[in-house]
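Results of the structural survey
Single-letter residue listing:
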Amino acid sequence: MNKGGSRRDFLKTGAAGVVLAGGGAAAMGQENGASAANPASESPVTAETLRSAQAVFDVRYTDAEREMIAEGIEEWIDRMSRFRRVEKPNELAPACSFDPRLGHVDYPPQDNRVVRSGQDAGRLPSRDTDIAFAPVWRLSQWIESGRLSSRRLTDIYLDRIDRFGGQLQCFVTVTPEIARAQAERADREIAAGQYRGALHGIPYGMKDIIDIADIPSTWGATPYRDRVATETAFIADRLRDAGAVLLGKTTNGAIAYGDIWFDGVTKNPWNLEEGSSGSSAGSASSTSAGLVAFSIGTETLGSIVSPSNRCGTTGLRPTFGRVSRHGAMALCWSLDKIGPITRSVEDTALVLEALNAFDRQDSGAIEMGLSVDFTRDVRGMRVGYSPAWFEQGSDADRATLQAARDAGVELVEISLPDLPYDALLAVVEAESAAAFEELTLTDQDDDLRWQAPWAWPNTWRQARFISAIDLINVDRFRRQVMREMHTAFEGLDAMIGPNFAGAMLTITNYTGHPQLAIKSGFNQLASRAAFDVEVEDTQTLHRVPQTTSLWAPLFQEGNLLALGREIENRLGVADIRPPLFS
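This report concerns the structure included in the present document. The structure displayed is predicted, hence computed values, not measured ones.

1. Some remarks on the nonpolar core
Of all hydrophobic cores here, the largest spans 148 residues; its most connected members are Ile 255, Phe 294 and Ile 296. Counting residues in hydrophobic clusters, the runner-up holds 10 residues, among them Tyr 107, Phe 320, Met 368 and Met 482.

Rendered as structure tokens:
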């Protein structure tokens, strides 16, 4: 999830926290002395109780109808109260699993093939700082050729974490012993001719909601701050097998929402007076500041895209089901996704190549190959856009559209149906409330640092009053939106627009389509007080970055990445660094 300030802000920033209605009369009455185990025991539901409840559920019944409901509702409440006592661990997924594929559509298989651009990494810089900010595609060439050792690169990042990590509040756990041991192993293997691929010897940060055995995984929340993982997530094993080096666990907003965690607020490296957004807060912050080569983020509803926009990183949210979530904290089973946060478009493909694999342990997993070709000519690609999105967008957004036009793509005007897309928010609010029901019913939600009307504690309390009928109908509406987006993508290779334009972030998270946020320029000026550093380029000093997004049909990440890299090269802003950390 992401952090926002109001319902209206949600559709602009990707934040969650609007009011739900759910749960029924069984959820009412703790203030009247009812216990979590049997909320009706001291507060019997009468026809008058139901009269008062009608406004919450927006229904109208007659006196006779309310009397009839009251006759049998105590039994229903008791049944559900007893059910609450059944243990439901976080990893227990619902029996009904979301699948973004439409039954009548043929999704052709893909080869497992990532063709790199072939660009030469050039000479190894003499300054450690320049090495630290190099993209993965350069670092991997230097390591493979022996010009740079994994141990040296790991020590560069560990030193930068030691110097800057506290200032940015972007790491919750650092693992220097593990990192150095993995780096030395990588160096031995590469020297012996056992090169594993592009991530071999590359140090990275893992978002703290993803488990690695025997390492704390706190979920950013006070109730779990002493939690230590007992198993290792599927993707952590994949990264280890690819030879990547674990530097530690990056911070995330408490229970995957925002940038406020139990011990601080993760900062934007471009402006320390503001947070990094979230919930992949530490992943974006550390990548932007050159404390890691890449990082792993997760997104339910904006948590890769939003911090990438704030910190100026490249964020890829893959197609739902492509990357296993086994071993990651479940927030919303039908929406959660895992993806890379990097400093260049090509890097995202190299990381996704390692993550992409079918895993039966994930109830939402889909077996699909990954085909990416960075030598592909993007001329002639058909790219959809809405002129209204860019009229309301920034100069950086419009520069991105022009870069696509200059690359020779065919821009096709599109329009999406005017539908109540915010109704979809009920899904994440209800699922997350179910996943963390215990916090609500035991009042442990009071221990979370962020307490506001749109923060998790209040959202989950409101979620107890959702109508199951409304929720099912929202799910039916979700399928309608999936069909609408399939129609919108017909004949198109991609779409382009501001990150949050036209409710596209909300829509495509619910339909499962991939989104790539690329650094596109700079907008508002940061406060001079945010930088206690002398630099020659004062314009760079005060600028803060932003990203612009591309979307593609399901499983067509290759379209996003080929076009995104071409646009990135034309914009020429990806390598600009936050001055304080350069």
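2. Brief notes about the side chain of Thr 218
In this fold, Thr 218 is placed in the loop between β3 (203–207) and α8 (234–241). A distance of 2.5 Å separates the side chain of Thr 218 from the side chain of Asp 208, its partner in a polar contact. Apart from the residues lying within four places of it in its own chain, the contact partners of Thr 218 are Val 172, Asp 208, Tyr 224, Arg 225, Arg 227 and Phe 262.

3. Overview of the pairing of strand β17 (residues 543–551)
Along β17, eight of the nine residues are buried, which leaves the element largely enclosed by surrounding structure. Sheet topology note: the strand β15 (residues 494–498)/β17 ladder contains four bridges and is antiparallel. Across the sheet, Ile 496 pairs through a bridge with Leu 550, a residue of β17.

4. Overview of the packing of aromatic side chains
The description of two aromatic rings rests on the distance between their centres and on the angle between their planes. Counted by the stated rule, this structure contains 15 aromatic pairs. With centroids separated by 5.8 Å and ring planes inclined at 80 degrees, the aromatic side chains of Tyr 107 and Phe 555 adopt a geometry described as edge-to-face. Placement of the pair is Tyr 107 in the loop between α3 (63–84) and β1 (113–115) and Phe 555 in the loop between β17 and α20 (557–571), with a sequence separation of 448 residues. Among the aromatic side chains, those forming a connected cluster through ring pairs are Trp 219, Tyr 224, Tyr 257, Phe 436, Trp 450, Trp 456 and Trp 460. Lying over the aromatic face of Phe 83, Lys 88 brings its terminal NZ or CZ to 4.5 Å of the ring centre. Between the NZ or CZ atom of Arg 543 and the centre of the ring of Phe 522, over which it lies, the distance is 4.4 Å.

5. Here's the deal with a nonpolar patch on the surface
Taken together, the side chains of Trp 76, Met 80, Phe 83 and Val 86 make up a nonpolar region of the molecular surface, amounting to roughly 340 Å² of accessible area. With respect to the helices, strands and loops of the structure, Trp 76 is situated in helix α3.

Basis of the calculations
Residues numbered from 1 in each chain as written. Predicted model: local features only at pLDDT ≥ 70, side-chain atom pairs only at ≥ 80, totals over all residues. Heavy atoms only, no water. Core = buried A, V, L, I, M, F, W, Y, C linked by side-chain atoms within 4.5 Å. Buried < 20%, exposed > 50% of the residue type's maximum accessible area, 1.4 Å probe, protein only. Helix = DSSP H or I, 4+ residues; strand = E, 2+ residues; numbered from the N terminus. Polar contact = N/O pair within 3.5 Å; in protein donor to acceptor, adjacent residues only side chain to side chain. Contact = heavy atoms within 4.5 Å. Pairing = 2+ DSSP bridges. Phe/Tyr/Trp six-rings, centres within 6.5 Å; stacked < 30°, edge-to-face > 60°. Lys NZ or Arg CZ within 6 Å of the ring centre and 35° of its normal. Patch = residues over 30% accessible without salt bridge, like charges linked within 9 Å, V, L, I, M, F, W, Y side chains within 5 Å. Areas by Shrake-Rupley, 256 points an atom, 1.4 Å probe, with all protein chains shown as cover. Salt bridge = Lys/Arg side-chain N within 4 Å of Asp/Glu carboxyl O.

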